[in-house]
Amino acid sequence: MELITFVNTQIMPVCIFLIMMGMGLSLVVNDFKRVVKYPKAVAIGLTNQLLLLPIIGFALANIMPLEPEYAVGVMLLVLCPGGTTSNMFSHLAKADVALSVTMTAVASLITVFTIPVVLNYSLIHFMGEGSEFQLPIIATMISLMKLTIVPIALGMLVRRYAPKIAQSTQVHVSRFGILFLTLLIIFLTYIQQDIVIPALIAAGPVSVILNITTMLLGYYSSKYFGLNFAQRTSITIEVGLQNSTLSMFMALTLLANYKMSFTPAIYTLTMLFTAGILVGMLNSKYVKAKQLTRSVVEN
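The paragraphs below set out a description of the structure included in this document. (Residues numbered from 1 in each chain as written. Predicted model: local features only at pLDDT ≥ 70, side-chain atom pairs only at ≥ 80, totals over all residues. Heavy atoms only, no water.)

**Examining a nonpolar patch on the surface**
Turning to step 1, where the next piece is worked out: A surface patch of nonpolar side chains, amounting to about 390 Å² of accessible area, comprises Val117, Val118, Ile137, Ile138 and Ile142.
Turning to step 2, where the next piece is worked out: Secondary-structure elements contributing two or more residues to the nonpolar patch are α6 (97–127) and α7 (137–147).
Turning to step 3, where the next piece is worked out: For the nonpolar patch, the element with the highest residue contribution is α7, accounting for 3 residues.
Turning to step 4, where the next piece is worked out: Residue placement: Ile142 occurs in helix α7. (Patch = residues over 30% accessible without salt bridge, like charges linked within 9 Å, V, L, I, M, F, W, Y side chains within 5 Å. Areas by Shrake-Rupley, 256 points an atom, 1.4 Å probe, with all protein chains shown as cover. Salt bridge = Lys/Arg side-chain N within 4 Å of Asp/Glu carboxyl O. Helix = DSSP H or I, 4+ residues; strand = E, 2+ residues; numbered from the N terminus.)

**Section: helix α4 (residues 68–79)**
Residues separated by three or four positions in an α-helix point in the same direction, a consequence of the helix having 3.6 residues per turn.
Turning to step 1, where the next piece is worked out: Between its first and last C-alpha, α4 extends 17 Å over 12 residues, near the 16 Å set by a 1.5 Å rise per residue.
Turning to step 2, where the next piece is worked out: Summarising burial for α4: 11 of the 12 residues are buried, a large majority.
Turning to step 3, where the next piece is worked out: Every buried residue belonging to α4 is among Glu69, Tyr70, Ala71, Val72, Gly73, Val74, Met75, Leu76, Leu77, Val78 and Leu79, and all of these are buried. (Expected span 1.5 Å × (residues − 1). Buried < 20%, exposed > 50% of the residue type's maximum accessible area, 1.4 Å probe, protein only.)

**So, the nonpolar core**
Turning to step 1, where the next piece is worked out: Grouped together as the largest cluster of nonpolar side chains are 70 residues, with contacts concentrated most on Val72, Leu76, Leu119, Leu210 and Leu255.
Turning to step 2, where the next piece is worked out: Tallying contributions element by element places helix α13 (residues 258–298) first for this core, with 11 residues.
Turning to step 3, where the next piece is worked out: Residue contacts for Val72: discarding those within four places in its chain leaves Leu119, Ser122, Leu123, Phe126, Met127, Leu255 and Met260.
Turning to step 4, where the next piece is worked out: Residues Ala41, Ile44, Leu46 and Leu227 belong to the second largest nonpolar core, which totals 11 residues. (Core = buried A, V, L, I, M, F, W, Y, C linked by side-chain atoms within 4.5 Å. Contact = heavy atoms within 4.5 Å.)

**Examining the packing of aromatic side chains**
Turning to step 1, where the next piece is worked out: Counted under the stated rule, the structure contains 4 aromatic pairs.
Turning to step 2, where the next piece is worked out: Geometrically, the ring pair formed by Tyr219 and Tyr220 is edge-to-face, given 5.1 Å between the ring centres and 85 degrees between the ring planes.
Turning to step 3, where the next piece is worked out: Aromatic pair Tyr224 and Phe225: ring centres 5.1 Å apart, planes at 90 degrees, arrangement edge-to-face.
Turning to step 4, where the next piece is worked out: For Tyr224, a relative accessible area of 68% translates into the label exposed.
Turning to step 5, where the next piece is worked out: Here a set of aromatic residues connected by ring pairs shows up, and it is made of Phe58, Tyr121 and Phe126. (Phe/Tyr/Trp six-rings, centres within 6.5 Å; stacked < 30°, edge-to-face > 60°.)

**Observations regarding the pattern of salt bridges**
Turning to step 1, where the next piece is worked out: One pass over the full model with this rule turns up 1 salt bridge.
Turning to step 2, where the next piece is worked out: Residue Glu67 is joined to Lys259 by a salt bridge in which the shortest nitrogen-to-oxygen separation is 2.4 Å. With Glu67 in the loop between α3 (39–63) and α4 and Lys259 in helix α13, the pair connects residues that are 192 residues apart, well separated along the chain.
Turning to step 3, where the next piece is worked out: Classification of Glu67 as partly exposed rests on a relative accessible area of 36%.

**A few points about the packing of α4 against α6**
Turning to step 1, where the next piece is worked out: At a minimum axis separation of 10 Å, α4 and α6 run at an interaxial angle of 165 degrees. The pairing of α4 with α6 is recorded here as roughly antiparallel in orientation. Both α4 and α6 take part in a crossing whose hand is right-handed. Of α6, the residues touching α4 (which contributes Pro68, Glu69, Ala71, Val72, Met75, Leu76 and Leu79) are Thr111, Ile115, Val118, Leu119, Ser122, Leu123, Phe126 and Met127.
Turning to step 2, where the next piece is worked out: Class assignment of the residues belonging to the contact of α4 with α6 gives a composition of 12 nonpolar, 2 polar and 1 charged. (Axes fitted to C-alpha atoms, helices over the stretch in contact; angles between N-to-C directions. Parallel < 35°, antiparallel > 145°, perpendicular 65-115°, else oblique. Left-handed = near helix turned anticlockwise from the far one by under 90°. Nonpolar A, V, L, I, M, F, W, Y, C, P; charged D, E, K, R; others polar.)

**Quick look at unusual backbone geometry**
Turning to step 1, where the next piece is worked out: A positive phi angle, close to 55 degrees, is found at Lys94, a residue other than glycine.
Turning to step 2, where the next piece is worked out: Examined against the element boundaries, Lys94 turns out to sit in the loop between α5 (84–92) and α6.
Turning to step 3, where the next piece is worked out: Despite not being glycine, Ala256 shows a phi value in the positive range, around 50 degrees.
Turning to step 4, where the next piece is worked out: If you trace the backbone, Ala256 turns up in the loop between α12 (244–254) and α13.
Turning to step 5, where the next piece is worked out: With a relative accessible area of 58%, Ala256 lands in the exposed category.

See below:
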């Protein structure tokens, strides 16, 4: 029990701080100015991320036969912004990385204020009015600021004044984020062995449906509004890949409930799998297009 408490209260916050600082290492002030410079793409992406994703998550949490804790887990997930993982996959997919980074940065700032309010409503809705699971809104906002805005700002300062260090470190931090997520899921599985299979059966279907639905929504909504292929790909990935580490942190630390962390954990496996398939398909398409262009030029 002491090990579990130590991991939740000491290791997790430090790791999230480092991951968010790593995201800051990839940001410059122009990433925020891009909201004004390219408002259409950013607006479509953020509407998907901050409005449609939570609505779909809330609808699925109500429609699917989920236990209250798993339903809250869905809301924890959909209320979080994207993270360094989505930026990394956008890079691998040869998408619009600048758009992905901008969406992540802006969403990370906005969700500090939206998460505590909407999450509290979700707790009352799914757990009941008299539930012990209540979050002090201001204290939660301050806690999220410490874990998101502060490390992002520090990372940006390093990028501004020591760009070489930022550039060499940022890639390793992204990889560390995925490694930490993997180890966290293994840890959760180990300490809750008795509910792993029931949790997978209960939360697996909603995770798959949520992931595929939101990615399709992101792609086709951005296509409908005339965004180019690279922008559509970035929005698809950004909407489908959430900051699972942050959602699990809130479940394990702020709410102190392991059961609520299982939906984000299962969703992590789902989103990495689908994102991997998407990247593979896009890279294959990119290679074929390059070969075709080369053969046309040679002939």
